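Per-entry structural report
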Amino acid sequence: MTDDKNQPLISVIVPTYERSSLLPRALDSIYAQTWKNIETVVADDNIPGSRWEKETYRILAPYMKREDFLYVKTAGGTGGGAARNLALRECRGEYVAFLDDDDRYLPEKLERQIRFMQKYDLDGSYHDVRWFDENERQVEYRSMNYTEDYSQEGLLKAHILHSIAPTAIYMFRRDQLLKTEGFGEVPSGQDFILMLRCIEKGLKMRYLEGAYVIQYLHGGKRISLGDNKVKGENMLYELKHNYFHLLTKQERTYVKFRHYAVLAFSSMRSGKLLRGIKYALMTAGSSPKYCVEESVRYFSSKFRRK
């Protein structure tokens with residue numbers, strides 16, 4: 001544990017939109033970190049004058065009294081990518097990390113990650129993630145150990161094949177991140193675009209083993225589901241086509257398989273049963289082999305590292 005204020009400052013950016021009731025859990029997990037030199041930055045993307053903005057401001061009032069808290073107000077409804085980009089320009093940290101308003105960090109998240117980056121002199125890093133349901137039960141443990149080749153080409157192939165995401169697993173040196181165009185300002189896939197830009201810019205990055213953030217699957221309003229998710233996933237699939245020359249025929253099949261699987265999963269979770277069944281059939285048809293292998297991996301991940 002460290003409380004040395006001479007240590008590097010880490011800015012943690014938390015965009016929020018219409019989820020004020022969940023916000024304290026996220027913020028309290030930041031203040032519970034073993035690393036103490038932190039600036040918490042909330043980017044309020046609620047519509048000006050709305051009940052959500054008023055409720056969010058009320059909940060944030062006690063936090064605003066802290067010297068290590070920064071409140072940033074967007075124009076409203078700009079989206080998570082734009083809100084994070086605005087906060088990134090306003091924050092002061094030498095390092096920057098991200099947390100969604102409905103998720104939470106584990107206590108050693110920031111210290112483990114920054115010490116790892118200092119050890120290897122990195123511009124960025126990422127780690128595993130746990131997914132929980134609303135009853136605090138683990139739904140999936142997602143390992144990001146996709147490659148041991150941290151060259152630009154190695155990272156790019158791993159990202160196109162598997163997607164090094166979500167946002168909360170990242171930490172970057174802020175000066176290096178500002179050399180990119182930041183998050184994609186799109187309804188879905190903002191984190192994918194950010195990581196792609198970082199890789200293409202040549203940032204020195206590598207994987208830290210272990211899950212230090214918990215993301216929640218819940219029934220609340222999520223921009224990452226429904227038609228936005230379908231449009232976003234189709235856009236990302238077209239983007240990935242630009243890198244197919246780096247992949248083998250089998251790897252291209254895997255990308256296609258994952259594309260349909262994501263569409264099937266998000267459609268089912270959005271209550272679009274018929275659409276979900278259609279994409280599920282397309283998933284199986286694209287590669288029965290990968291369908292079996294990934295199903296085994298997914299269900300076994302429920303019991304991993306609990």
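Scroll up to find the structure this text is about.
Residues numbered from 1 in each chain as written. Predicted model: local features only at pLDDT ≥ 70, side-chain atom pairs only at ≥ 80, totals over all residues. Heavy atoms only, no water.

Bringing the nonpolar core into the picture now. The biggest cluster of nonpolar side chains holds 76 residues, and the ones touching the most others in it are Val12, Leu99, Leu110, Tyr126, Tyr170 and Phe172. No other element matches the 7 residues that helix H7 (residues 190–200) contributes to this core. Excluding residues that lie within four positions of it along the chain, Val12 makes contacts with Ile30, Ile38, Glu39, Thr40, Val41, Ala97, Leu99, Tyr105 and Leu110. Formed by 5 residues, the second largest nonpolar core is a distinct cluster that contains Val230, Tyr260, Leu263 and Tyr279. (Core = buried A, V, L, I, M, F, W, Y, C linked by side-chain atoms within 4.5 Å. Buried < 20%, exposed > 50% of the residue type's maximum accessible area, 1.4 Å probe, protein only. Helix = DSSP H or I, 4+ residues; strand = E, 2+ residues; numbered from the N terminus. Contact = heavy atoms within 4.5 Å.)

Geometrically, a pair of aromatic rings is defined through the distance of the ring centres and the angle of the planes. Under the definition given, this model contains 10 aromatic pairs. Ring centres of Tyr254 and Phe257 lie 6.1 Å apart, and the angle between their planes is 35 degrees; this geometry places the pair in the tilted category. Taken together, the residues span about one helical turn, with Tyr254 and Phe257 both in helix H9 (residues 249–269) at a distance of 3 residues. Accessibility expressed as a relative area gives 8% for Tyr254, which makes it buried. (Phe/Tyr/Trp six-rings, centres within 6.5 Å; stacked < 30°, edge-to-face > 60°.)

Within helix H5 (residues 152–162), 8 of the 11 residues are buried, which leaves it mostly tucked inside the rest of the structure. Taken as a whole, H5 has its buried residues at Gly154, Leu155, Leu156, Ala158, His159, Ile160, Leu161 and His162. Of the residues one or two after H5, Ser163 is the one with positive phi, at around 70 degrees.

Of all 7 residues in strand E2 (residues 38–44), 7 are buried; the element is thus mostly enclosed. Here E2 shows no split at all, with Ile38, Thr40, Val42 and Asp44 on one side and Glu39, Val41 and Ala43 on the other all buried. Note: strand E1 (residues 10–16) against E2, 7 bridges, orientation parallel. In the strand pairing of E2, Ile10 is matched with Ile38. Of the crossover connections in this fold, the one passing from E1 over helix H1 (residues 23–31) to the parallel E2 is right-handed. The pairing of E2 with strand E3 (residues 69–73) spans 5 bridges and is classified as parallel. In the strand pairing of E3, Thr40 is matched with Phe69. Remark: the E2/helix H2 (residues 51–64)/E3 crossover connection has right-handed handedness. (Pairing = 2+ DSSP bridges. Right-handed = clockwise from strand over helix to strand, strands pointing away.)

Inspection of every chain in the model, using the stated rule, returns 16 salt bridges. One salt bridge connects Lys73 with Glu53, and the closest N-O pair in it is separated by 3.3 Å. Taken as a pair, Lys73 in strand E3 and Glu53 in helix H2 lie far apart in primary sequence, 20 residues in all. Glu53 sits in the buried class, given a relative accessible area of 18%. (Salt bridge = Lys/Arg side-chain N within 4 Å of Asp/Glu carboxyl O.)

This part is about the environment of Gly232. With respect to the helices, strands and loops of the structure, Gly232 is situated in helix H8 (residues 226–241). Expressed as a C-alpha distance, the spacing of Gly232 and Ala211, which sit 21 residues apart in the sequence, is 26 Å.

Right, let's get into the pairing of E1. Taken across its 7 residues, E1 has 7 buried, putting it largely inside the fold. Of the two faces of E1, the one lined by Ile10, Val12, Val14 and Thr16 and the one lined by Ser11, Ile13 and Pro15 are each fully buried. Alignment of E1 against strand E4 (residues 95–98), held across 4 bridges, turns out to be parallel. Bridging from a neighbouring strand, Val12 pairs with Ala97 of E4.

Mapped onto the elements of the fold, Thr74 is located in the loop between E3 and helix H3 (80–90). A relative accessible area of 8% places Thr74 in the buried class. One polar contact links the side chain of Thr74 to the main-chain amide nitrogen of Gly76, over a distance of 3.0 Å. Excluding its chain neighbours within four sequence positions, the residues that come into contact with Thr74 are Asp44, Asp45, Ala83 and Leu86. (Polar contact = N/O pair within 3.5 Å; in protein donor to acceptor, adjacent residues only side chain to side chain.)

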